[in-house]
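# Tertiary structure, described
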Amino acid sequence: MTVDPRTELSEFLRSRRARLSPDDVGLPQYGRTRRVPGLRREELAQLAGVSVAYYTRLEQGNGRNVSAEVLDSIARALRLNEAERSHLRNLTSSKPGKKKAVRTQVRPALRHLIDGVGVPAYIGGRRSDIHAWNPMAAALFGDWGELPPKERNWARLVFLRPSYQDLFVNWQSKAEDVVGFLRMDAGCYPDDPELAALIGELSVKSEPFRQLWAKHDVKEKSFGTKVLKHPLVGEMTLSYETLKMPSDPDLFLSTYHAEPGSASAEALQLLANWGSDAARAGSSVRTQA
């Protein structure tokens, strides 16, 4: 099982073109009412400065030998953000047999690092897998150690465990993030059978996942704010930061922290004081299928 880069490229370009209107890009509207939303192919080709035939071949999934200059022109015409530009480059550079799945190993030094961090922290990786975490993360999210390794995965937690819908106050935002990250991975690693199997499983088991996956939105892990409702300490507003590991490109470090002196900071401190008791309390709720 693999992800077909040609199909991904075709559907991604169609979805980005469909979200634009002539008014968005300063083109006049004329002729009969449009039967489908978005720009026509010939309009997009005009904006990008390429022939209609050339753009049509690209949108049909033929991304071989496309120059960086042409890709940049098409990206500008489609109003792509930086994550979408990166995804487009990945899709057009994918080749059979490239970037196959590898077994991820977390270096002991990274485990020591997160154990010494005074805030919830975990090491994540490709396919939204969770590889290592500290006691504070267990207190916040539930002890992932009680789950089978296959289930230590944000996509499975968010879409297949209803209790995580209660944990994230804005569950829709978290779900969109997870799907966007998986889309980026699909463009980078089209030959990863575990990723393809995960996408297939979620598509079968979760209607919300199917709907979000069909949008072809992509995201890169960065920073932001999430509101969580913990079963012991209630609602907390936490900021998160994501740091990529230079020597381990498939891994990233995520930390969650609260504004000093805030009620959320006090709640986090309570979780830290309760330690394993808080982790067990969270797990008693969140490990329910």
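Position numbers for residues count from 1 along each chain, tracking the sequence in the order it is written. Only residues with pLDDT of at least 70 get local features here, since the model is predicted, and only at 80 or more are side-chain atom pairs given and counted; chain-wide, interface and lining totals rely on the full set of residues. As a convention, hydrogens and water are excluded, and side-chain values are obtained from all of the structure's heavy atoms.

## A closer look at the pairing of strand β3 (residues 223–230)
Note on strand geometry: in a regular strand, side chains alternate between the two faces of the sheet. Note the cut-off: Paired strands, in this sense, are two strands between which DSSP finds at least two bridges. In this text, helices come from DSSP runs of H or I with a minimum length of four residues, and strands from runs of E with a minimum of two, each type numbered from the N-terminal end.
As paired strands, β3 and strand β4 (residues 234–245) are joined by 8 bridges and run antiparallel to one another. Within the sheet, the bridge partner assigned to Lys 226 lies in β4 and is Leu 238. Counting the residues in the hairpin turn of β3 and β4 gives 3 residues.

## Thoughts on the confidence of the model for the protein
Condition: Per residue, pLDDT measures the predictor's confidence, with a range of 0 to 100. Contact definition: two residues touch when any of their heavy atoms are within 4.5 Å.
The predicted model of the protein has a mean per-residue pLDDT of 88, with 88% of residues at 70 or higher. Of the regions scoring below 50 in pLDDT, residues 285–289 engages in 19 contacts with residues more than four places distant in sequence or in other chains.

## A short note on the packing of aromatic side chains
Put simply, the rule is: Here a Phe, Tyr or Trp ring, Trp counted by its six-membered ring, pairs with any other such ring whose centre lies within 6.5 Å, and the pair is stacked when the planes are under 30 degrees apart, edge-to-face when over 60, and tilted otherwise. Burial classes follow relative accessibility: with a 1.4 Å probe on protein chains only, a residue under 20% of its type's maximum area counts as buried, one over 50% as exposed, and anything between as partly exposed.
According to the stated counting rule, one finds 15 aromatic pairs in the structure shown. When the ring of Tyr 122 is compared with that of Phe 141, the centres are 6.4 Å apart and the planes differ by 90°; the resulting orientation is edge-to-face. One end of the pair, Tyr 122, is in strand β1 (residues 121–124); the other, Phe 141, is in helix α8 (residues 135–141), and 19 residues separate them in sequence. With relative accessibility at 4%, the residue Tyr 122 sits in the buried group. Judged by its relative accessible area of 0%, Phe 141 is buried. Relative to Tyr 256, the ring of Phe 141 has its centre 5.3 Å away and its plane inclined at 75°; by these criteria the two rings are edge-to-face. Residue Phe 141 is found in helix α8, and its partner Tyr 256 is found in strand β5 (residues 248–257); the two are separated by 115 residues along the sequence.

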